[in-house]
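What follows is the residue order along each chain.
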Amino acid sequence: MIDNVIVSVTTLLSTVVGAFLSHFLQNKIERRKLLEERAKERREILLGVYKQLLKIINYYPNEAPVDLLRYIEYPPYYAGENFKAIRNTLVYQIEDYKKDERKNLVEISNREYCIKELYSIEREYFEAKKMYQDFSKNDKVIFDLYASVGVRNALVDLEVLINNAFIAGSFGFKDENGVDRKEELVRKLTYEMSLDLETIKK
């Protein structure tokens, strides 16, 4: 009789433990499924935002005015998105150089090249800036809600570089050694986006 009771209690305990484990595992599986669905939904939302953001960033010119002006003698000072003043100064310098026959024709040619390139840089910069402002009005909220800290920090670094290059005029995209800081920061941002979208692993 005691044997029957022991067998009955053991059977009951194993049934209860089995039911508990089954329920626990089922909850864990359902929770994992829910988390995977949320992560997939987040990735789908971010993918469109990241594509748009990279398109805008790649539309910014590859050269800042300071990069262009660094190679001419006595370059005008660029700041405050004032492309027109720089072009006018270069035109005055060209006129002055043409009056003095001793001046180097290479300097005249360099200034003419700078004027032509400044038009292109100005057009690309203001179009990209407008696109980024539209992005900030429409999709920045989604970006701020879903993007990882690494992506947001990389974007801030890039914004600082662009503002320093085009508004402050403190330096260009390329450093003294010719290293393109914009390209490095775009690569960093792309890497962080890939990590965030889980297309690559750390």
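This text goes with the structure placed above it.
None of the values given here were measured: they were computed from a predicted structure. (Residues numbered from 1 in each chain as written. Predicted model: local features only at pLDDT ≥ 70, side-chain atom pairs only at ≥ 80, totals over all residues. Heavy atoms only, no water.)

(A) Fine view of a nonpolar patch on the surface. A cluster of nonpolar side chains, Val141, Leu145 and Tyr146, forms an exposed patch at the surface whose accessible area comes to about 300 Å². Along the chain, Val141 falls in helix 5 (residues 140-146). Given the relative accessible area of 53%, Val141 is considered exposed. (Patch = residues over 30% accessible without salt bridge, like charges linked within 9 Å, V, L, I, M, F, W, Y side chains within 5 Å. Areas by Shrake-Rupley, 256 points an atom, 1.4 Å probe, with all protein chains shown as cover. Salt bridge = Lys/Arg side-chain N within 4 Å of Asp/Glu carboxyl O. Helix = DSSP H or I, 4+ residues; strand = E, 2+ residues; numbered from the N terminus. Buried < 20%, exposed > 50% of the residue type's maximum accessible area, 1.4 Å probe, protein only.)

(B) Spatial organisation of helix 3 (residues 83-99). Helix length check: helix 3, at 17 residues, gives a terminal C-alpha distance of 25 Å against a target of 24 Å (1.5 Å per residue), a fit within 8%. Burial in helix 3 covers these residues: Phe83, Ile86, Arg87, Leu90, Gln93, Ile94 and Tyr97. Seen from one end, helix 3 has its buried residues packed into an arc of 120°, which puts them on one side. In this structure, helix 3 carries Lys84, Tyr92 and Lys99 as exposed residues pointing more than 90 degrees from its buried face. Looking at the buried positions of helix 3, the neighbouring elements they touch are helix 2 (65-69), helix 4 (105-138) and helix 6 (149-168). (Expected span 1.5 Å × (residues − 1). Arc of directions from axis to C-beta. Contact = heavy atoms within 4.5 Å.)

(C) Structural context of the layout of surface pockets. For the largest pocket, the calculated volume is near 180 Å³. Around the largest pocket, the lining residues are Ile57, Tyr60, Tyr125, Lys129, Tyr132, Gln133, Leu155, Leu158, Glu159, Ile162, Asn163 and Ile167. Per-class residue counts for the lining of the largest pocket are eight nonpolar, two polar and two charged. (1 Å grid on protein atoms, 1.4 Å probe; cavity = no way out; pocket = protein on both sides within 12 Å on 5 of 7 lines; lining within 4 Å. Points joined across faces, edges and corners; volume = space filled by probe spheres on them. Nonpolar A, V, L, I, M, F, W, Y, C, P; charged D, E, K, R; others polar.)

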